[in-house]
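What follows is the residue order along each chain.
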Amino acid sequence: MNKTVAATTIGCKVNLYDTQGILEYFTKVGYSTVDFGEKADVYVVNTCSVTNLADKKSRQMIRQAKRRNPDAIVAAVGCSTQSNPSIYEGLGVDIIMGTANRDKLVEHVENFNKQIVIDLPPNIRNEQTFENAEITTDTELTRAFLKIQDGCNNFCTYCIIPHVRGASRSRNFGDLLAQAQGFAHKGYKEIVVAGIHVASYGKDLHGHNLIDALSTIAEISGIERVRLSSVEPNVITPEFCDFVAKTPKFCDHLHLSLQSGSDRILQLMNRKYTTENYRQAVAQIRAVRPKISITTDVIAGFPGETDQDHRQTLDFVEELKLAKIHVFPFSAKEGTVAAGLSGQIPRNVKKQRSAEILEVSNKLEMAYYQGFIGQTMPVLVEEINKNGFYSGKTSNYMSVEFISTSTDLTNRISPVKLNLADNNRLFGTLE
């Protein structure tokens, strides 16, 4: 009987891609993949350490796996294990790996002899090779995630990621193109281009940059949408705007990271831009895509943040009419500069400020959605939900639900007239 492997992912789109790559390594040697909620011979938990909550979730998944099958081999990989391997030793994990050399995981599993295996790079900052995990098997996702870059050189004061992912390194352009063509061959309509600091793509290569990568992917027959994961305002150059203007396949959505609407706090965070830089970036991209959805991240309660700083953030996001805000209460990560800063904000204040930002976000999102009522928009159908509604995403990343008696529309782009927005959900009618 074939051995089975199950995996779960905590964290970002890059982690999701890495998990798919790990599962690919197993399937190539004959393992069958099963859902993480089922009994398996091997469990892989791809951990995240971007917040303390992510660390906690990572540990919870380990405990779940060990309860589900006490005889299984449990492997923990990723950012949290790279940061704190000793914690996972204490949880009774069988194999501990970090954010490099994960192609060796199958070998460790196959040779496992009841002795814990710890395989971590001695210094992740010295890693210079992009781990090229090629995805060839189908996934349940209708959007294909394409990892083109890993690591980060920015060292924002709140962020542990440069310490656990290493220096920025880019995927070989030929490998990137082959992977994108493979996704098109499998029938994927949309590719999400992802990286830890994706704007850095190509800076360690010769002759290629992020715009080259996006342009090349957009030219592939069968790919109808190219979406970009989170970027900073510095990526919005005249060249980038020119690319967006002449590339209809580029999605009408940008996740433009902000973190704070206070220049004083941005400086404390070691962000490489000001609010004015951000304002200009928004104006530039809207000049070529007036209805583009701009979403963002905001950290609530950074050390030293005053009520005035918080108010500046609220006013700033409202001024720019952003489409949605992902809110994160500040998490003091051991090993980061911000964890040692004075002026740490009490938990109840962070909770209150997060709630206030979220309230503004909900209002902005509803206002953005309302602007499309009555219009017919192409929707990439992702699934049929439990209520019998088809659901999917528009190019500008609005979630839409509709009913149809048609045969399965999954992974098709269908025209849907938007009729109603309710609780930040859109309902429509298939045209």
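Quick note: structure is the one above.
Reading guide: rules and limits
Residues numbered from 1 in each chain as written. Predicted model: local features only at pLDDT ≥ 70, side-chain atom pairs only at ≥ 80, totals over all residues. Heavy atoms only, no water. Core = buried A, V, L, I, M, F, W, Y, C linked by side-chain atoms within 4.5 Å. Buried < 20%, exposed > 50% of the residue type's maximum accessible area, 1.4 Å probe, protein only. Helix = DSSP H or I, 4+ residues; strand = E, 2+ residues; numbered from the N terminus. Contact = heavy atoms within 4.5 Å. 1 Å grid on protein atoms, 1.4 Å probe; cavity = no way out; pocket = protein on both sides within 12 Å on 5 of 7 lines; lining within 4 Å. Points joined across faces, edges and corners; volume = space filled by probe spheres on them. Pairing = 2+ DSSP bridges. Axes fitted to C-alpha atoms, helices over the stretch in contact; angles between N-to-C directions.

### Considering the nonpolar core
Among the nonpolar cores identified, the biggest contains 55 residues, and L228 and F240 are the most heavily contacted of them. Top element by residues in this core is helix 8 (residues 210–218). It accounts for six residues. Contact partners of L228, with chain neighbours within four places excluded, come to V193, V198, L210, L214, F240, F250 and L254. Of all hydrophobic cores here, the second largest spans 19 residues; its members include V5, A75, V106 and V117.

### Here's the deal with empty space enclosed by the protein
By the definition in use, this model includes two cavities of 30 Å³ or more. Estimated volume of the largest cavity: approximately 60 Å³. Looking at the lining of the largest cavity element by element, the count peaks at four residues for helix 1 (residues 13–27).

### Considerations on the sheet that holds strand 12 (residues 293–300)
Pairing between the strands of a sheet comes from backbone hydrogen bonds, and it takes one of two forms, parallel or antiparallel. A sheet is described by the order of its strands in space; here three strands give the open sequence 11-12-13, paired in parallel fashion. The outermost strands of the open sheet, each flanked by one partner alone, are strand 11 (253–255) and strand 13 (324–329). Between one strand and the next, the sheet's axes are offset by a mean angle of 15°, whatever the strand orientation. Across three bridges, strand 11 lies against strand 12 in parallel orientation. Pairing of H253 across the sheet is with S293, part of strand 12. In this fold helix 11 (residues 275–288) packs onto strand 11 and strand 12, with an angle of close to 165° to the strand it touches most, strand 12. Lying over the sheet, helix 13 (residues 347–370) contacts strand 12 and strand 13, oriented at roughly 170° with respect to strand 13.

### Concerning the environment of S86
Turning to its location among the elements, S86 is positioned in helix 4 (residues 85–90). Taking the C-alpha atoms as reference points, S86 and S215, separated by 129 residues in sequence, lie 44 Å from one another.

Read these as geometric descriptors, not functional statements.
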